[in-house]
Amino acid sequence: MFPVIFVLLVLQLPPFVSNFTNEACLRRRGTSVRKDGDVVIGGFLSLYTVLYFTAVIELQPVKDVFTIQCMPNTYQNFLALIFAIEEINKNPHLLPNISLGYEFHNFLYSHWKVLESSLILLTGQDEIPNYTCQRENKCVAVLTGTAWATSAHIGPLLELYKFPQVTFGSFDPKLRDSGQFPSIYQVAPKDTSLATGVASLLLHFRWTWVGLAITEGQKGLQFLSDIRAEMDRNSICVAFVKMMTTTLMSYLSYTQQYDILTRETLPNCAPNISLAWLPVNRFDMALSDMSYNIYNAVYAVAHALHRMLLQQGQMPLTGKRGEKVFSPWQLHPFLKNTQFRNPAGDQLNLDDKRKRNVEYDILNYWNFPEGLRRKVKVGVFSSHAPLGQQLSLFEDLIEWSTEISESPHSVCSDSCRPGFRKTPQEGKPACCFDCTPCPENEIANDTDMETCVKCPNHQYANTQRTHCLQKTVTFLAYEDPLGKVLAGSALSLTVLTAAVLGLFVKHRDTPIVKANNRGLSYTLLGALTFCFLCSLLFIGRPNTATCILQQTTFGVGFTVAVSTVLAKTLTVVLAFKVTAPGRRVRQLLVSGAPNSIIPICCLLQITLCGIWMGTNPPFIDTDAQSEHGHIIIVCNKGSLAAFHCVLGYLGSLALGSFTVAFLARNLPDAFNKAKFLTFSTVVFCSVWLTFLPVYHSTKGKLMVAMEVFSILASSAGLLGCIFVPKCYVILLRPERNSLPKFRDKTHSGSRKSS
């Protein structure tokens, strides 16, 4: 399991909890502080919080009161209020001759005590809230830091009197958008970019598996909705969400007890003791955001009151008996349009529509010995900056609580390195995934890629599947081992065929050459020589001319060879079946009619090839899939139908030759020509019947090599089966190549057949 980074958005309160069994003890501590002036500004601040827990013990209700002791930054809020009022009273240009006072009430968060401070402010009574016993009420506005849930309680009460409320808490757009609280004005700048800032910080540290602990309430729910949307947009997943009460979160936020030093707790201290003498972990003199908002809220009320007095011609604030002569609701038009620059030089605006988003400081707690903690600004997030420059962070200033120099690691699954893609895990968030290798010829050149990218046809993926490399152009070349073997075989068979032709020409007057029809033998040997040579067209770099010549020479050459075999077979059949002199069939045999089969068959094949070349001829093509990392240049057949028609025509001729030769296999023949012709056609048909399935199951150079091999094998089968026995007799058994021997063998064969 990977560690989880917690994002805690909490109201920081002190951890020290004390128990009071007597509620009167709490009452005697007092809940308000007042300083008189011509005009008084009220304030609801929480110096301490009271929690009531009621239980039943032995059937008797028992109520325990727990108080969370005052924390320093809350006390700082009270000091900021007093400091701003005193600063205004000393300013001769703002509310001259008018003194400001304050009436501070401790605000209790208990649900049934939440209206107490408001009723005390309005009525002046702690017990009877249905009338006002105060002789005068100089309060013109009240400062409150309440959130939406609390405003729903005190807002309607103060709204009955149109009492101006200036909030110093964080900006809440719902306070104005809902229209329920028209008398509420917010001093804090807009912080609608908080979710964007937090998401940017998470992205900076590459934290994608994050747990959220958020305070309860409307503001917490709104932030949860915003941060979820930002996290989803940036592929950050939520490990868990824990909604916690403000008090509990505050208690968990601190590990040290904080005490406010007073003259009661330190009776021996000098009267001019300063809080600046305290350690930083006891009291931080740096002004917090809330204290700064209180400071600005006091100035906002003062400026609105100043403008109202100027408009009304410096009318007196109080009557003869000191009572206030104007109502708080008269301040609303001036508060609504209040815009000023405070003594620190910052521009303030109470109009929510004209507020700008705030810049967020990124703070880091530095831990020192003795438990000292110091907040250090390590960066800033500004939504006004250009995209990509909104977050500015100085990582060298960050001190991690885990005592490590590097930022913590928080992911559900480690990043997928290049060459792998993310595969979501079923039933888990998008941040939890498996890393799957990219398929063949696809790459992932970055981390955490959702899909792999297919390489272009002219490129291929490297072994790691991270880059596409340029493919090497290749073809069945003469330099390749396979090309050398095939080319050598073709040339050797061509020379052998030429040698057989020369042998037959040399012994053309011998009985064995005459008996085999010298003309047809010469034609067949020439056709076989042509077939062996045409196989060389398939080797080497293809071009348009060779692609066309490959198929035409192959088709025509083999047609001549197979039709010649058919003519020789018919000649043998006619020679032994037609014995009566003068018959018409004998005349056809004597006139050489079987020889006319060759041009007729060739003409038909040439017609087929012409149609093929005229409609969809072969062309140069590339095969980028057969061999990894190579682009093979091949000749595309163009029309596969035409190619199979050419092969089918050759097959029909071979089948016809086989049928005729098979029928004549037992005819008396001194040299067993019919049997050899039968066997040659069997070899030829076997080669090409085997060629078709193998040809369609191979690709690239192997497919070309298979075609060349089939041409050589079928041609060699015809050469070997028909002419090797004749060459054997001519070269090794010359005594059998004589007319007496030939006649004796012929007569003996006739007697056996009879």
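Residues numbered from 1 in each chain as written. Predicted model: local features only at pLDDT ≥ 70, side-chain atom pairs only at ≥ 80, totals over all residues. Heavy atoms only, no water.

K.L.:
Can you explain the packing of aromatic side chains? Please cite residues and give values.
P.N.:
For the structure on display, the rule yields 17 aromatic pairs. Seen from their ring centres, Phe 554 and Trp 688 are 5.2 Å apart, and the 50 degrees between their planes marks the pair as tilted. Of the two residues, Phe 554 is situated in helix H14 (residues 544–577) and Trp 688 in helix H18 (residues 673–697); the sequence distance between them amounts to 134 residues. Overall, the relative accessible area of 1% leaves Phe 554 in the buried class. According to the relative accessible area criterion, Trp 688 is buried, its value standing at 10%. With a centroid separation of 6.5 Å and 55 degrees between ring planes, the pair formed by Phe 684 and Trp 688 is classed as tilted. Of this pair, Phe 684 and Trp 688 both sit in helix H18, four residues apart, which is roughly one turn of the helix. Residues Phe 684 and Trp 688 agree in their burial class; the two are buried. Grouping aromatic residues by their ring pairs yields a cluster made of Phe 554, Phe 558, Phe 684, Trp 688 and Phe 691. Its guanidinium or amino end placed over the ring of Phe 433, Lys 422 lies 4.9 Å from that ring's centre, counting from NZ or CZ. Residue placement shows Lys 637 over the ring face of Phe 643; its charged tip is 5.2 Å from the ring centre. (Phe/Tyr/Trp six-rings, centres within 6.5 Å; stacked < 30°, edge-to-face > 60°. Helix = DSSP H or I, 4+ residues; strand = E, 2+ residues; numbered from the N terminus. Buried < 20%, exposed > 50% of the residue type's maximum accessible area, 1.4 Å probe, protein only. Lys NZ or Arg CZ within 6 Å of the ring centre and 35° of its normal.)

K.L.:
Tell me about the state of the cysteines, and please be specific about residues and values.
P.N.:
For the structure on display, the rule yields six disulfides. Note that Cys 438 is cross-linked by a disulfide to Cys 452, the S-S spacing being 2.0 Å. Around the S-S axis, the bridge from Cys 438 to Cys 452 shows a dihedral of about -80 degrees and counts as left-handed. Separated by 14 residues along the polypeptide, Cys 438 in the loop between strand E19 (433–437) and strand E20 (442–443) and Cys 452 in the loop between E20 and strand E21 (453–454) bring together distant segments of the chain. You'll find Cys 438 and Cys 452 in the same group, each marked buried. Put simply, Cys 547 and Cys 635 are joined by a disulfide, and their sulfur atoms are 1.9 Å apart. Measuring handedness by torsion sign, the sulfur bridge of Cys 547 and Cys 635 sits at about -80 degrees and is left-handed. Of this pair, Cys 547 sits in helix H14 while Cys 635 sits in strand E26 (residues 630–636); the two residues are 88 residues apart in sequence, bridging distant segments of the chain. (Disulfide = S-S within 2.5 Å.)

K.L.:
Residue-level account of the sheet that holds strand E4 (residues 39–45), with values.
P.N.:
Read across the open sheet, the six strands follow the order E3-E7-E4-E8-E9-E10; overall the sheet is mixed. A strand with exactly one partner marks an edge of an open sheet, and here the two such strands are strand E3 (32–35) and strand E10 (184–186). With strand direction ignored, the average angle separating the axes of adjacent strands in the sheet is 20 degrees. Relative to strand E7 (residues 100–106), E4 is paired through seven bridges, and the arrangement is parallel. What sits directly across from Phe 44, in E7, is His 105. Strands in contact with helix H9 (residues 289–311) are E4, E7, strand E8 (139–144) and strand E9 (165–167); relative to E8, the strand with the most contacts, it is inclined by about 155 degrees. (Pairing = 2+ DSSP bridges. Axes fitted to C-alpha atoms, helices over the stretch in contact; angles between N-to-C directions. Contact = heavy atoms within 4.5 Å.)

K.L.:
Give a description of the side chain of Ser 382 that names residues and reports values.
P.N.:
Note on placement: Ser 382 falls in the loop between strand E16 (373–381) and strand E17 (391–393). Once residues lying within four places of it in the same chain are set aside, the contact partners of Ser 382 are Glu 359 and Gln 390.

K.L.:
How would you summarise the environment of Phe 78 if you had to cite specific residues and measurements?
P.N.:
Among the structural elements, Phe 78 can be located in helix H2 (residues 72–89). In this structure the C-alpha to C-alpha distance between Phe 78 and Leu 47, which are 31 residues apart in sequence, comes to 8.3 Å. Not counting residues within four places of it along the chain, the set of residues in contact with Phe 78 comprises Val 33, Leu 45, Tyr 102 and Phe 104.

K.L.:
Describe the confidence of the model for the chain, and please don't skip the residues or the numbers.
P.N.:
Overall, the prediction assigns the chain a mean pLDDT of 77, with 73% of residues at 70 or greater. By mean pLDDT, strand E1 (residues 5–9) is the weakest element of the chain at 30, and E19 is the strongest at 93. The model gives residues 55–59 a pLDDT under 50, and that stretch makes four contacts with residues more than four places away or in other chains. Under a pLDDT of 50 for its full length, residues 253–267 has, in the predicted model, 25 contacts with residues more than four places off or in other chains. (pLDDT = per-residue confidence, 0-100.)

K.L.:
Residues and numbers for the pattern of salt bridges, please.
P.N.:
Per the counting criterion, the structure on display carries nine salt bridges. The partner of Glu 230 in a salt bridge is Arg 233, with the nearest N and O atoms 2.7 Å apart. With Glu 230 and Arg 233 both in helix H7 (residues 218–233), this residue pair falls three residues apart, about one helical turn. We note a salt bridge from Glu 707 to Lys 637, for which the minimum N-O separation is 3.3 Å. One end of the pair, Glu 707, is in helix H19 (residues 701–732); the other, Lys 637, is in the loop between E26 and helix H17 (640–663), and 70 residues separate them in sequence. Judged on exposure class, the residue Glu 707 and its partner Lys 637 are both buried. (Salt bridge = Lys/Arg side-chain N within 4 Å of Asp/Glu carboxyl O.)

K.L.:
Lay out unusual backbone geometry with the relevant residues and their values.
P.N.:
One non-glycine residue, Lys 162, adopts positive backbone phi at about 55 degrees. In this fold, Lys 162 is placed in the loop between helix H4 (148–159) and E9. With relative accessibility at 43%, the residue Lys 162 sits in the partly exposed group. Phi is positive for Arg 206, close to 60 degrees, though the residue is something other than glycine. Within the secondary structure, Arg 206 sits in the loop between helix H6 (194–204) and strand E11 (209–215).

K.L.:
Please provide a residue-by-residue account of the packing of helix H16 (residues 597–615) against H17, values included.
P.N.:
Axis separation between H16 and H17 bottoms out at 9 Å; the angle between their running directions is 170 degrees. It follows that H16 is roughly antiparallel to H17 by the angle criterion. From H16, Cys 601, Leu 604, Gln 605, Leu 608, Cys 609 and Trp 612 reach across to H17, where they touch Ala 642, Phe 643, Cys 645, Val 646, Tyr 649, Leu 650 and Leu 653. When its residues are assigned to classes, the contact of H16 with H17 shows 12 nonpolar, one polar and no charged. (Parallel < 35°, antiparallel > 145°, perpendicular 65-115°, else oblique. Nonpolar A, V, L, I, M, F, W, Y, C, P; charged D, E, K, R; others polar.)

K.L.:
Tell me about the sheet that holds E16, residues and numbers included.
P.N.:
Judged by pairing direction, the sheet is antiparallel, and its three strands sit side by side in the order E15-E16-E17 without closing on themselves. The sheet is open, and its two borders are formed by strand E15 (360–367) and E17, each paired with just one other strand. When strand polarity is set aside, the average angle formed by the axes of neighbouring strands in this sheet is 35 degrees. Packing against the sheet, H6 makes contact with E15, E16 and E17, and its axis sits at approximately 50 degrees to E17.

K.L.:
Outline empty space enclosed by the protein, supporting the account with residue identities and numerical values.
P.N.:
By the definition in use, this model includes five cavities of 30 Å³ or more. Within this model, the largest cavity holds a volume of roughly 140 Å³. For the largest cavity, the lining is made up of 15 residues, of which Phe 538, Gln 550, Val 634, Cys 635 and Val 704 are closest to its centre. Of all elements in the fold, only E26 and H19 reach the threshold of two or more residues within the lining of the largest cavity. For the lining of the largest cavity, the element with the highest residue contribution is E26, accounting for four residues. (1 Å grid on protein atoms, 1.4 Å probe; cavity = no way out; pocket = protein on both sides within 12 Å on 5 of 7 lines; lining within 4 Å. Points joined across faces, edges and corners; volume = space filled by probe spheres on them.)

K.L.:
If you had to explain the nonpolar core to someone new, which residues and values would you point to?
P.N.:
Of all hydrophobic cores here, the largest spans 67 residues; its most connected members are Phe 504, Leu 528, Phe 558, Trp 688 and Phe 723. At 13 residues, H19 tops the list of elements feeding residues into this core. Core analysis: the next-biggest nonpolar cluster, separate from the first, contains 42 residues, Ile 41, Ala 84, Ala 141 and Leu 143 among them. (Core = buried A, V, L, I, M, F, W, Y, C linked by side-chain atoms within 4.5 Å.)

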